[in-house]
Amino acid sequence: MRVLVTGAGGFVGSHLADYCAAQDADVVGVTREQVDLLEADAVRELIGRASPERVFHLAAEASVSRSWETPASVVEHNVSTTLNVLEAVRAEAPEAVVLVACSGEEYGPPEEVPVRESHPLRPQNPYATSKAMTDLLAGFHADAYGLNVVRTRAFNHAGPRQSDTYVVASFARQIAEAEASPPDDGRAVIMHGNAETRRDFSDVRDVVRAYWLVAERGTPDVFNVCSGRSTSVSDILSRLAAHSSLEVDGRVDPARLREGEVMEIRGSHDKLTEATGWQPEIDLGQTLRDTLDWWRERVAAGVTR
């Protein structure tokens, strides 16, 4: 099995490349330093040379907060790279199964929970809008050209290797740094946004297993990837704090508050489970422990980003 993974240097992409290799796949991992996915000719040459049987397109500008700062570049990057990959597959490897990683952010404020794949798309930030556009592009290539394109809409996920742009990794980094230079009073102040919001968290290793199974199915469709459970930000912090010798105090950072914050987002993975048998296997507690341990290693090595 020849597999190509774009974004292989990123959080999810690196885990996916590892998982594919563990399935005895011949993995070609592509990072932005190796191939500029904004260059259509370079992408076509890559696909032609790799001749993949499966393509996992994960490369993206994925930060919601950064997308507000540079919306044009986020939209251009996410949409153009996806179009280039799809067109290259159409020209060079039309029999390949392509998985385009989309996002649960596309749904926007839920009309009801759990959110199912039939829920309208109503993205509320530039990143989510760009992912809705890539979602539609992927569906179009399946419908118009008969490509084997599957789309995944992943909700929040966490685990080792995640950037501290995201809440679980941000808390883990802050705790690890406080442990490395303990405050005199033994209390670590951890900054956060609205701690009462509830989100659907999955372990990244469960997410990449879902991607593999969906690609194995190979039938054009769209699938939520989520745990089906919601957890509050305050509970995430409390559960991480339980693994530290420090007393942890949460403090609201006004810069992290979002206007019109949706209080609960939770998805349904029923469709994915029915199609593939996938179920989340890794407990959130394990995800949190592993993330904190990974950040402790980073801090000890002097790498805090």
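The following refers to the structure shown. Per-chain numbering applies: the sequence of each chain, read as written, is numbered from 1 onward. For this predicted model, a pLDDT threshold of at least 70 governs which residues receive local features, and a threshold of 80 or more governs which side-chain atom pairs are given and counted, while totals over whole chains, interfaces and linings are taken from all residues. Water and hydrogen atoms play no part in the side-chain values, which are based on all heavy atoms of the structure.

1. Quick notes on the overall build of the chain
Okay, so step 1: Helix and strand assignments come from DSSP, with helices taken as H or I runs of at least 4 residues and strands as E runs of at least 2, each series counted from the N terminus. A tally of helices and strands in the chain yields ten helices and twelve strands.
Okay, so step 2: With the radius of gyration taken over C-alpha atoms, the globule rule is written as 2.2 Å times the number of residues to the power 0.38. Relative to the compact-globule value of 19 Å for 305 residues, the chain shows a C-alpha radius of gyration of 19 Å, a close match.
Okay, so step 3: Projected onto the principal axes, the alpha-carbon positions of the chain cover approximately 65 × 45 × 40 Å.
Okay, so step 4: Contacts spanning at least 24 positions in sequence make up 81% of the contacts within the chain whose residues lie at least 6 apart.
Okay, so step 5: Note on areas: Shrake-Rupley with a 1.4 Å probe; residue coverage comes only from the protein chains shown. Carbon together with sulfur atoms contributes 46% to the accessible area of the chain, which is approximately 13,700 Å² in total. For this analysis, residues touch if any pair of their heavy atoms sits within 4.5 Å.

2. Some points on helix α5 (residues 126-145)
Okay, so step 1: In this model, α5 (20 residues) spans 28 Å end to end at C-alpha, consistent with the 28 Å of a helix rising 1.5 Å per residue.
Okay, so step 2: Where α5 begins, the side chain of asparagine 125 points an oxygen toward the backbone nitrogen of tyrosine 127, at a separation of 3.2 Å.
Okay, so step 3: Of the residues flanking the end of α5, it is glycine 146, one or two places downstream, whose phi is positive at about 70°. An expected span of 1.5 Å times one less than the residue number is assigned to each helix. Pairs of N or O atoms are called polar contacts if they sit within 3.5 Å, as long as, within protein, a hydrogen donor faces a hydrogen acceptor (for residues adjacent in sequence, only side-chain-to-side-chain pairs).

3. Details of the side chain of glutamine 174
Okay, so step 1: On the secondary structure map, glutamine 174 appears in helix α6 (residues 167-180).
Okay, so step 2: Exposed residues in this analysis have more than 50% of their type's maximum accessible area, buried residues have under 20%, and partly exposed residues fall in between, with area computed by a 1.4 Å probe over protein chains only. According to the relative accessible area criterion, glutamine 174 is buried, its value standing at 11%.
Okay, so step 3: Discounting residues that sit within four places of it in the chain, glutamine 174 has contacts with Val189, Ile190, Met191 and Arg256.

4. Considerations on the environment of serine 202
Okay, so step 1: The residue serine 202 is located in strand β9 (residues 202-203) in this model.
Okay, so step 2: Under the relative-accessibility criterion, serine 202 is labelled buried at 6%.
Okay, so step 3: Along the sequence, serine 202 and glutamate 281 sit 79 residues apart, while their C-alpha atoms lie 9.3 Å from each other.
Okay, so step 4: Other than its neighbours up to four places away in sequence, serine 202 contacts Asn156, His157, Ala158, Val207, Cys226 and Ser227.

5. Some thoughts on the nonpolar core
Okay, so step 1: Nonpolar cores were defined as sets of buried Ala, Val, Leu, Ile, Met, Phe, Trp, Tyr and Cys residues, with membership established by side-chain atoms within 4.5 Å. Counting 28 residues, the largest nonpolar core has Leu16, Phe56, Leu58, Leu99 and Tyr211 as its most contacted members.
Okay, so step 2: Broken down by element, this core gets its largest block of residues, nine residues, from helix α7 (residues 204-217).

6. A closer look at the side chain of aspartate 206
Okay, so step 1: Position of aspartate 206 among the secondary structure elements: in helix α7.
Okay, so step 2: Once you skip the residues sitting within four places of it in the chain, aspartate 206 turns out to touch Trp278, Pro280, Glu281 and Ile282.

7. A look at the packing of helix α1 (residues 11-22) against α7
Okay, so step 1: To obtain an axis, a line is fitted to C-alpha atoms, over the contacting stretch when the element is a helix, and the angle between two such axes runs from 0 to 180 degrees between their N-to-C directions. Where α1 meets α7, the axes come as close as 9 Å, and the angle between the chain directions of the two elements is 60°. The orientation of α1 relative to α7 falls into the category oblique. The interaxial crossing formed by α1 with α7 has right-handed handedness. Residue-level inspection shows Phe11, Val12, His15, Leu16, Tyr19 and Cys20 of α1 in contact with α7, the latter providing Val204, Arg205, Val208, Arg209, Tyr211 and Trp212.
Okay, so step 2: Residues are grouped as follows: Ala, Val, Leu, Ile, Met, Phe, Trp, Tyr, Cys and Pro are nonpolar; Asp, Glu, Lys and Arg are charged; all remaining types, including Gly, are polar. Classifying every residue of the contact of α1 with α7 by side-chain character gives nine nonpolar, one polar and two charged. Angles below 35 degrees are treated as roughly parallel, those above 145 as roughly antiparallel, those between 65 and 115 as roughly perpendicular, and all remaining angles as oblique. The hand of a helix crossing depends on one turn: near helix anticlockwise from the far one by less than a right angle means left-handed, and clockwise means right-handed.

8. Quick word on the pattern of salt bridges
Okay, so step 1: We count a salt bridge whenever a side-chain nitrogen from Lys or Arg sits within 4 Å of a carboxyl oxygen from Asp or Glu. A full pass over the atoms with the stated rule returns 25 salt bridges.
Okay, so step 2: Ionic pairing is found between aspartate 164 and arginine 173, a salt bridge with its closest N-O pair at 2.5 Å.
Okay, so step 3: Of the residues examined, arginine 173 reaches a relative accessible area of 11% and is grouped as buried.
Okay, so step 4: Among the charged side chains, a salt-bridge network with shared partners connects Glu106, Asp135, Arg151 and Arg153.

9. Comments concerning the sheet that holds strand β5 (residues 148-154)
The pairing of strands in a sheet happens through backbone hydrogen bonds and is either parallel or antiparallel.
Okay, so step 1: Taken in spatial order, the six strands make up an open sheet running β2-β1-β3-β4-β5-β10, and their pairing is parallel. For this open sheet the edge positions go to β2 (26-30) and β10 (221-225), each flanked by a neighbour on one side alone. Sheet twist, expressed as the average angle between the axes of neighbouring strands with direction ignored, equals 20°.
Okay, so step 2: In the packing of helix α2 (residues 40-50) onto the sheet, the strands contacted are β1 (2-6), β2 and β3 (54-57), and the crossing angle to β1 comes to about 155°.
Okay, so step 3: The sheet strands contacting helix α4 (residues 71-92) are β1, β3, β4 (97-103) and β5, and the helix crosses β3 at an angle near 175°. Two strands qualify as a pair provided that DSSP identifies no fewer than 2 bridges between them.

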